[in-house]
Amino acid sequence: MRLLLLILLAVFQVTVTDYLVFNPDFYQLDGYTWESDDFRAMALGERLASEENLDMEMLTSLMVEHEYDLTGLKEGEALKANPLISERRPVEYRKLLHGYQAVFGDLKYFPIPESTRPDTPDVAYENGWMEERTYGGDRKHEGCDIMGMERPRGFYPVVSISDGAVENVGWLEQGGWRIGIRAASGLYIYYAHLYDYSRQWVRGDTVRAGELLGFMGDTGYSAVEGTTGNFDVHLHVGMYLRTDHYEEMSVNPYWILKYLEHHRLVYDY
């Protein structure tokens, strides 16, 4: 549809810029875009995920221009903000910008450090957000699973992605031993299926980015505390925002984790 519109504009010798100036509705952007599935998908793509540091103005503008899917951006393609978006939709644009700042503003490290030992297999993960799950009833998978490879529970260290404060800790039937940390930006980061904690965390504890939280495990899927073995060893990472209409709105961690791979600590394990 957009391609057809651009062709028609060319036929009538109207520039895209002219069209945008007089027709701000051309952009898919309103006050609740940050609650949409498009925003929640966080589709950075390889090009943006490879950036050392993300400029939030640029990211917001590119997302709007590319209909919230940057997976098609090519290496070497220019990355810059389009001022027309913020000029024509200033209130809506700032709200969307705030959403991206809330997600990325406090993120510092990938949750599984790299090992100094060449014989330690690295972790692996795929984009499994919103896949079907059945334990406890039909539901959607609100996270990304980072899989431990050929090593037992308790082997891989788990560090905090961000600074923040412990908001939840302890046993959950689905999540096993888990810890939830609220970053200053508002993002809630949920680490589940831990084998053990690094110390006795309590609600309200201050956490520093890169601090050891515990160790990857396979706990959960049981009301009995300490249950293991119901699935492969992995770390479930969930990310949630409070919005105007949602107390906990899940956003897709997959591309966020791909970006954080460039910000990874190194441990000897």
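Keep in mind that what you see is a predicted model, and the values were worked out from it rather than measured.

## With respect to the overall build of the chain
Link 1 in the chain: Counting its secondary structure elements, the chain contains eight helices and 14 strands.
Link 2 in the chain: Going through the 269 residues of the chain one by one, you find that 48% of them count as buried.
Link 3 in the chain: Long-range contacts, defined here as pairs at least 24 residues apart, represent 69% of the contacts in the chain between residues at least 6 apart.
Link 4 in the chain: On the chain, roughly 13200 Å² of surface is accessible, and the fraction owed to carbon and sulfur atoms is 49%.

## Observations regarding the nonpolar core
A general feature of soluble globular proteins is that nonpolar side chains tend to end up buried together.
Link 1 in the chain: If you look at the biggest cluster of nonpolar residues, it comprises 61 residues, and the most contacted ones within it are Phe39, Tyr100, Phe104 and Ile112.
Link 2 in the chain: If we ignore the near neighbours within four places in the chain, the residues touching Phe39 are Thr33, Trp34, Leu96, Gly99, Tyr100, Val103, Leu241, Met249 and Val251.

## Observations regarding the pairing of strand 5 (residues 144-147)
Link 1 in the chain: The pairing of strand 2 (residues 124-125) with strand 5 spans two bridges and is classified as antiparallel. Its bridge partner lying in strand 5, Tyr125 is registered against Ile146.

## So, the packing of aromatic side chains
Link 1 in the chain: The tally for this structure, following the rule as stated, stands at 13 aromatic pairs.
Link 2 in the chain: Ring geometry for Tyr135 against Tyr221: centres 4.3 Å apart, planes inclined by 10°, an arrangement best described as stacked. Pair noted here: Tyr135 is in the loop between strand 3 (132-133) and strand 4 (139-140) and Tyr221 is in the loop between strand 11 (212-216) and strand 12 (234-241), with a separation of 86 residues, a long-range link.
Link 3 in the chain: Ring centres of Tyr156 and Tyr269 lie 5.9 Å apart, and the angle between their planes is 75°; this geometry places the pair in the edge-to-face category.

## Side note on the packing of helix 5 (residues 56-65) against helix 7 (residues 90-104)
Link 1 in the chain: The interhelical angle for the contact between helix 5 and helix 7, taken along N-to-C directions, is 120°, at an axis separation of 9 Å. Overall, the two elements helix 5 and helix 7 adopt an arrangement that is oblique. Considering how the two elements wind past one another, helix 5 and helix 7 form a crossing that is right-handed. Counted together, Met56, Glu57, Leu59, Thr60, Ser61, Met63 and Val64 of helix 5 and Tyr93, Arg94, Leu96, Leu97, Tyr100, Gln101 and Phe104 of helix 7 form the full contact between these two elements.
Link 2 in the chain: Split by residue class, the contact of helix 5 with helix 7 holds nine nonpolar, three polar and two charged.

## Considerations on helix 7
Link 1 in the chain: Compared with an ideal rise of 1.5 Å per residue, which puts 15 residues at 21 Å, helix 7 spans 21 Å between its outermost C-alpha atoms and is within 8% of the ideal.
Link 2 in the chain: Listed as buried for helix 7 are Tyr93, Leu96, Leu97, Gly99, Tyr100, Ala102, Val103 and Phe104.
Link 3 in the chain: Its buried side turned inward, helix 7 meets helix 3 (37-41), helix 5, helix 6 (83-88), strand 12 and helix 8 (254-260).

## Quick word on the pattern of salt bridges
Link 1 in the chain: Going through the model one piece at a time under the given rule, you end up with 16 salt bridges.
Link 2 in the chain: For Arg40, the salt bridge goes to Asp37, with nearest N and O atoms at 3.2 Å. Remark: Asp37 and Arg40 occur in helix 3; sequence separation between them is three residues, near one turn of the helix.
Link 3 in the chain: On the accessibility criterion, Arg40 (14% relative accessible area) is buried.
Link 4 in the chain: You can call Asp37 exposed: its relative accessible area is 56%.

## With respect to the side chain of Ser61
Link 1 in the chain: Mapped onto the secondary structure, Ser61 falls in helix 5.
Link 2 in the chain: Those residues in contact with Ser61, other than ones at most four positions away along the chain, are Lys80, Ala81, Asn82, Ile85 and Tyr93.

## Observations regarding the layout of surface pockets
Link 1 in the chain: By volume, the largest pocket is sized at about 470 Å³.
Link 2 in the chain: Lining the largest pocket are 22 residues; nearest its centre among them are Arg139, Gln174, Tyr190, His193 and His236.
Link 3 in the chain: Looking at the lining of the largest pocket, the elements that each hand over two or more residues are strand 4, strand 5, strand 7 (164-172), strand 9 (188-197) and strand 12.
Link 4 in the chain: Of the residues that constitute the lining of the largest pocket, the class distribution is seven nonpolar, seven polar and eight charged.

Definitions and limits used
Residues numbered from 1 in each chain as written. Predicted model: local features only at pLDDT ≥ 70, side-chain atom pairs only at ≥ 80, totals over all residues. Heavy atoms only, no water. Helix = DSSP H or I, 4+ residues; strand = E, 2+ residues; numbered from the N terminus. Buried < 20%, exposed > 50% of the residue type's maximum accessible area, 1.4 Å probe, protein only. Contact = heavy atoms within 4.5 Å. Areas by Shrake-Rupley, 256 points an atom, 1.4 Å probe, with all protein chains shown as cover. Core = buried A, V, L, I, M, F, W, Y, C linked by side-chain atoms within 4.5 Å. Pairing = 2+ DSSP bridges. Phe/Tyr/Trp six-rings, centres within 6.5 Å; stacked < 30°, edge-to-face > 60°. Axes fitted to C-alpha atoms, helices over the stretch in contact; angles between N-to-C directions. Parallel < 35°, antiparallel > 145°, perpendicular 65-115°, else oblique. Left-handed = near helix turned anticlockwise from the far one by under 90°. Nonpolar A, V, L, I, M, F, W, Y, C, P; charged D, E, K, R; others polar. Expected span 1.5 Å × (residues − 1). Salt bridge = Lys/Arg side-chain N within 4 Å of Asp/Glu carboxyl O. 1 Å grid on protein atoms, 1.4 Å probe; cavity = no way out; pocket = protein on both sides within 12 Å on 5 of 7 lines; lining within 4 Å. Points joined across faces, edges and corners; volume = space filled by probe spheres on them.

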